[in-house]
Amino acid sequence: MDTLSVASSSVKAALGQHPALLTLAAIFLCHRLLHNLRRRRSRILPRTRERVLVIGASSGIGRAIAHEYAATGARVCVVGRREQQLNEVAAECASLHPTPTANGATGTSERILHVVADFNNVEDMVALREKLENEWAGLDTLIVSAGVSALRPLLEVAGLEQRGGAFYPPHAAAEGIKRTVSVATAAIQGNYLGPLVSAVTFIPLLCATSPAPSVALISSLAGVIPAPTRSIYASTKGAALLLYQSLAIEHPSVAFTYILPATVEGDFRASAVDGGTVREADPSKHGLKRVAVAKRCLRAIDHKEKAVFMPALISRVGHYLYWVFPSFVERAAAKKYNYTAN
Ligand SMILES: NC(=O)c1ccc[n+]([C@@H]2O[C@H](COP(=O)([O-])OP(=O)(O)OC[C@H]3O[C@@H](n4cnc5c(N)ncnc54)[C@H](OP(=O)(O)O)[C@@H]3O)[C@@H](O)[C@H]2O)c1
């Protein structure tokens, strides 16, 4: 008999001898089941009535999320700065589910919207909100997927090289420090201020017009586990994560979800605000699949899950391990990013 069979017969024997235990287990299971059913958003908001805004949908994870929602009949508004890519995404979404929506909306023009906008630009975001109010009379789901990468060690951005423990030149010049500030400012805009502007612009609209308002932030594992060469990226992603976690407490009627993926396939690193190069194993070969991240995101939003780590087990374990055994995780991170401190 294998270990599993031994364990299951011991549990059965214990429950047989203690009917009270059996009753308690049954009550617990029913409670969990009812709790999960009650939490399901689809009970009050069927997909075909759902109005979804995806900011950062012209490529990557946001594009895959837009496809998933469009395919199941939701109304989807895709947003980004690159018009041509957005036109393509809108056409793809429209072709995925061309049937009328449940509330009688016909054709694809109203169901799929695309808006060229920069999520750092307040006027763009206010115009986007007005469009959603006019076209859909509100919003149910806000997904903030837009973000920018930064890939170089901080002092390298400032123009310093480290050899044998010494810096060359020995100090950062004023010009180098200013360059570091402008790179950090671009990352703050792309990873922190954009999510902040999106939250301030859309939370009141979500609360006023949706029976089940929801906000999802595509964060990153880098926002909770530090890594070399990611000081600017990780700190700006971490700031946005804490912002949204705090907003979740300030707005309990809105369900907040945070997706924390490890490396994902695609061209994200090409947007690096510091012009850095990829140091880890090829993300397109070794990264998570965009579609898998998108599907997990929809499931998490539908079930009102809070933090979703991807891959689930290893990322969560890494997160906890960092607080009890940081040097182990630091070594692993240095290895992953092929980084040697000189
Ligand atoms: N790829 C990864 O390995 C990875 C891992 C963990 C977390 N993430 C996170 O996942 C999110 C999406 O990354 P991805 O892999 O899908 O990268 P991506 O393909 O480069 O997509 C980024 C999206 O953000 C949009 N965007 C960037 N700045 C914007 C701005 N100012 N205003 C409006 N839209 C803007 C881009 O559109 P436009 O350029 O057209 O504006 C694009 O649609 C990011 O937040 C990233 O931090 C990525």
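As shown above, the structure is provided for reference.
Let me begin by describing the structure that accompanies this report.

Calculation rules
- Residues numbered from 1 in each chain as written.
- Predicted model: local features only at pLDDT ≥ 70, side-chain atom pairs only at ≥ 80, totals over all residues.
- Pairing = 2+ DSSP bridges.
- Helix = DSSP H or I, 4+ residues; strand = E, 2+ residues; numbered from the N terminus.
- Axes fitted to C-alpha atoms, helices over the stretch in contact; angles between N-to-C directions.
- Contact = placed C-beta atoms within 7 Å.
- Near = placed C-beta within 6 Å.
- Nonpolar A, V, L, I, M, F, W, Y, C, P; charged D, E, K, R; others polar.
- Parallel < 35°, antiparallel > 145°, perpendicular 65-115°, else oblique.
- Left-handed = near helix turned anticlockwise from the far one by under 90°.
- Buried ≥ 20, exposed ≤ 12 C-beta atoms within 10 Å, placed from the backbone.

Considering the sheet that holds strand E9 (residues 307-310)
Then, number 1: Read across the sheet, seven strands follow the order E3-E2-E1-E4-E7-E8-E9 without closing on themselves; strand pairing throughout is parallel. Pairing within the sheet leaves two strands with one partner each, and these edge strands are strand E3 (112-116) and E9. If you compare each strand with its neighbour and ignore which way they point, the axes differ by 15 degrees on average.
Then, number 2: On top of the sheet, helix H5 (residues 122-136) reaches strand E1 (51-55), strand E2 (75-80) and E3; it is set at about 160 degrees to E3, its chief contact.
Then, number 3: Lying over the sheet, helix H11 (residues 312-324) contacts strand E8 (255-261) and E9, oriented at roughly 105 degrees with respect to E9.

Observations concerning the site of the ligand
Then, number 1: Residues in close proximity to the ligand total 32 residues, the closest being Gly56, Gly60, Gly80, Arg81 and Gly147.
Then, number 2: Examining the composition of the shell around the ligand, we find that three residues originate from one element, helix H3 (residues 60-71), more than from any other.
Then, number 3: Each residue belonging to the shell around the ligand can be placed in one class, and the counts come to 10 nonpolar, 17 polar and five charged.

Let's talk about the packing of H5 against helix H7 (residues 174-209)
Then, number 1: Remark: H5 packs on H7, axes separated minimally by 10 Å, with the N-to-C direction vectors making an angle of 20 degrees. As far as their axial angle goes, H7 and H5 are roughly parallel. For H5 against H7, the interelement crossing comes out right-handed. When H5 is examined against H7, the residues Val122, Met125, Val126 and Arg129 are found in contact with a partner set consisting of Val197, Ser198, Thr201, Phe202 and Leu205.

Points about the environment of Ala186
Then, number 1: Mapped onto the fold, Ala186 is located in helix H7.
Then, number 2: Measuring from C-alpha to C-alpha, the distance between Ala186 and Ala272 comes to 9.8 Å, with 86 residues separating the pair along the chain.
Then, number 3: Here Ala186 is in contact with Val148 and Val273, once residues within four sequence places are set aside.

A few points about the environment of Ala174
Then, number 1: Tracing the sequence through the fold places Ala174 in helix H7.
Then, number 2: Using a count of 8 C-beta atoms within 10 Å as the deciding quantity, one classes Ala174 as exposed.

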